[in-house]
Amino acid sequence: MSASPIKKPEIMSRGARDLQLTDEGDLKHFLSIEGLSRDKLVDILDTADSFGGLGDQAARKVPLLRGKTVANLFFENSTRTRTTFELAAKRLSADVLNINVSVSSASKGETLLDTLRNLQAMQCDMFVVRHSASGAAHFIASHVEQHISVINAGDGQHSHPTQAMLDMFAIRRKKGDFNNLKIVIVGDIIHSRVARSQIHALNILGAGEIVAVGPKTLLPDTVRDLGVQIEHNFDKALKGADVIMGLRLQKERMRSALLSTEDEYYRSYGLNENRLRIAKPDAIVMHPGPTNRGVEIAASVADGPQSIILEQVTGGIAVRMAIMSIAMGNVEKSLAQSRA
Ligand code: NCD
């Protein structure tokens, strides 16, 4: 695995954009948010809305992926993302393979491409990929056969586009239009693939004001280039906020000591009840999970009336169903066109 020639995010951005679209400009793979049009993001949200009530109904399945096989390829740990992808695929009537790579042949030295070729030989139609290397999903998408769609379930520090879309879905459901919203993203921005994807999605959808907050070590000035305001004082940023999105401290990605202590971090950047009162009274609190209570968020806020953390998880199923069905539909359309 480690020998796989995985490219760095900065050198793949242009190719990534073309790679995820068919010749007709339709979404075929879902690798990153950047480069996608507003219409494409809105189409995902609208399609997810159409699946929205499905979880509550007795008959939970729709036949959109019947006869298709989805392989969940997780080279990095996950609970929420992997299980909601599995549920989404099952509710679309697909067969699902869960490949836990730490106990698969990859740990016996098989290369990533060998693993992929074997899954292709088993006639898989979709790969849902999580990997610790930035660019892994793009690398895979550039090596698979034409009939396969690749969905990025998180690659290194680069991108987590389905998480960003489920966050947009949750915001739209609660707040409607993005135009007048002040959105505050707080925490370990520099290491967060979630924050990067959220910022791209919010900009494309026309969010009124996006403010990134954190200590200088986790929020360098360069983050401004993504199209956000930067603030190091959390209380100041919270004034007038409609949406507060927390992030986990990604300690596994910190190569040196970037924080003094967790207690000190909590004092400056923890979302507690007093701080939440600075935001608008109807502000919503979000977090992609896993949450560290008492480090980035108080338990009473995570479980409180303004928190929509669990609604994010539920909506994630509908959003993943939307992305998978749109991508697979476009793969089939483009194959039919190339055969004609
Ligand atoms: C995030 C991830 O894996 O990037 N979690 C998730 O997908 N629900 C954020 C995190 O790990 O902190």
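Before any of the text, the structure's been laid out above.
Just so it is clear, the structure is predicted and the values come from calculations on it, not from any experiment. (Residues numbered from 1 in each chain as written. Predicted model: local features only at pLDDT ≥ 70, side-chain atom pairs only at ≥ 80, totals over all residues. Heavy atoms only, no water.)

J.: Before we go on, may I ask you to explain the nonpolar core in this structure?
T.: A general feature of soluble globular proteins is that nonpolar side chains tend to end up buried together. With 66 residues, the main nonpolar core has Ile185, Leu202 and Met324 as its most contacted residues. With 12 residues, the top contributor of residues to this core is helix H12 (residues 309-339). Structurally, this core is a two-domain feature, drawing no fewer than three residues from each of domain 1 (9-159 + 318-339) and domain 2 (161-313). (Core = buried A, V, L, I, M, F, W, Y, C linked by side-chain atoms within 4.5 Å. Buried < 20%, exposed > 50% of the residue type's maximum accessible area, 1.4 Å probe, protein only. Helix = DSSP H or I, 4+ residues; strand = E, 2+ residues; numbered from the N terminus. Domains from an automatic or database assignment.)

J.: Even after reading the chapter, I still don't get the sheet that holds strand E1 (residues 69-74), so can you show me in this structure?
T.: Strand order in the open sheet formed by 4 strands is E2-E1-E3-E4, with parallel pairing between adjacent strands. Strand pairing shows two members of the sheet lacking a second neighbour, strand E2 (95-100) and strand E4 (149-155), which therefore form its edges. Sheet twist, expressed as the mean angle between neighbouring strand axes with direction ignored, is 15 degrees. Bridging between strand E3 (residues 126-131) and E4 involves 5 bridges; their strand directions are parallel. Paired with His131 across the bridge in E4 is Asp155. (Pairing = 2+ DSSP bridges. Axes fitted to C-alpha atoms, helices over the stretch in contact; angles between N-to-C directions.)

J.: How should I be thinking about the environment of Ala241 in this particular structure?
T.: On the secondary structure map, Ala241 appears in the loop between helix H8 (234-238) and strand E8 (243-246). The contacts of Ala241, once residues within four sequence positions are left out, are Lys182, Val184, Ala279, Lys280 and Ala283. (Contact = heavy atoms within 4.5 Å.)

J.: Mind showing me how you'd approach the pattern of salt bridges here?
T.: Pairing is possible between side chains that carry opposite charge, provided their charged atoms lie close to one another. Taken as a whole, this structure holds 15 salt bridges when the rule is applied. The partner of Lys90 in a salt bridge is Glu86, and the shortest N-O contact between them spans 2.7 Å. In this pair, Lys90 and Glu86 both sit in helix H3 (residues 80-91), 4 residues apart, roughly one turn of the helix. With relative accessibility at 36%, the residue Lys90 sits in the partly exposed group. A salt bridge links Arg275 to Asp235; the shortest N-O distance between them is 2.5 Å. (Salt bridge = Lys/Arg side-chain N within 4 Å of Asp/Glu carboxyl O.)

J.: Where do I start with the site of the ligand in this structure?
T.: Near the ligand you find Arg80, Thr81, Arg130, His160, Gln163, Arg193, Val194, Arg248, Gln250, Pro288, Gly289 and Pro290, and these make up its full shell. Arg248 places a polar side-chain atom, nitrogen or oxygen, 2.6 Å from an oxygen atom of the ligand. Here Gln250 contributes a side-chain N or O atom positioned 2.8 Å from an oxygen atom of the ligand. About the coverage of the ligand: the protein hides 94% of its 310 Å² of free accessible area. Contributing elements (two or more residues each) for the shell around the ligand: H3 and helix H7 (193-204). (Near = heavy atom within 4 Å. Polar contact = N/O pair within 3.5 Å; in protein donor to acceptor, adjacent residues only side chain to side chain. Areas by Shrake-Rupley, 256 points an atom, 1.4 Å probe, with all protein chains shown as cover.)

J.: Got a minute to help me understand the packing of aromatic side chains in this structure?
T.: Each aromatic ring pair is specified by the distance between its two centres and by the angle formed by the two planes. A full pass over the atoms with the stated rule returns 1 aromatic pair. Taking the centre distance of 5.6 Å and the plane angle of 35 degrees together, the rings of Tyr265 and Tyr269 count as tilted. Of this pair, Tyr265 and Tyr269 are both found in helix H9 (residues 262-269), 4 residues apart, which corresponds to roughly one turn of the helix. Each member of the pair Tyr265 and Tyr269 is classed as buried. (Phe/Tyr/Trp six-rings, centres within 6.5 Å; stacked < 30°, edge-to-face > 60°.)

J.: Sorry if this is basic, but what is going on with the packing of helix H6 (residues 161-175) against H12 here?
T.: Relative placement of two packed helices is described by the angle separating their axes and the distance separating the axes. Remark: H6 packs on H12, axes separated minimally by 8 Å, with the N-to-C direction vectors making an angle of 115 degrees. Both H6 and H12 take part in a crossing whose hand is right-handed. Where H6 approaches H12, its residues Thr162, Gln163, Met165, Leu166, Asp167, Phe169, Ala170 and Lys174 are matched on the opposing element by Glu311, Gln312, Gly315, Gly316, Val319, Arg320 and Ile323. Taken together, the residues that form the contact of H6 with H12 break down as 6 nonpolar, 5 polar and 4 charged. (Left-handed = near helix turned anticlockwise from the far one by under 90°. Nonpolar A, V, L, I, M, F, W, Y, C, P; charged D, E, K, R; others polar.)

J.: How should I be thinking about the pairing of strand E6 (residues 209-213) in this particular structure?
T.: The buried count for E6 comes to 4 of 5 residues, which makes it a mostly enclosed element. Relative to E6, strand E5 (residues 182-186) runs parallel, the two sharing 5 bridges. Paired with Val184 across the bridge in E6 is Val211. You can see the chain leave E5, run along H7 and come back into E6, and the turn it takes is right-handed. (Right-handed = clockwise from strand over helix to strand, strands pointing away.)

J.: How do you make sense of the pairing of E1 when you look at a structure like this?
T.: On a regular strand, one side chain projects to one face of the sheet and the next to the other, so that they alternate. Taken across its 6 residues, E1 has 6 buried, putting it largely inside the fold. The pairing of E1 with E2 spans 6 bridges and is classified as parallel. Across the sheet, Asn72 pairs through a bridge with Asn98, a residue of E2. As a crossover connection, the stretch from E1 through H3 into E2 is right-handed. Both E1 and E3 contribute to a ladder of 5 bridges, which runs parallel. Residue pairing across strands places Leu73 opposite Val129, the latter belonging to E3.

J.: I'm lost on the packing of helix H2 (residues 38-51) against H6 in this one. Help?
T.: Two numbers describe how H2 lies on H6: the axes approach to 10 Å, and their chain directions differ by 70 degrees. What the angle tells us is that H2 and H6 run roughly perpendicular. Of the two elements, H2 crosses H6, and the hand of that crossing is right-handed. Residues Leu41, Val42, Ile44, Leu45, Asp46, Ala48 and Asp49 of H2 form the contact with H6, whose participating residues are Met165, Met168, Phe169, Arg172 and Arg173. Among the residues making up the contact of H2 with H6, the classes are represented as 8 nonpolar, no polar and 4 charged. (Parallel < 35°, antiparallel > 145°, perpendicular 65-115°, else oblique.)

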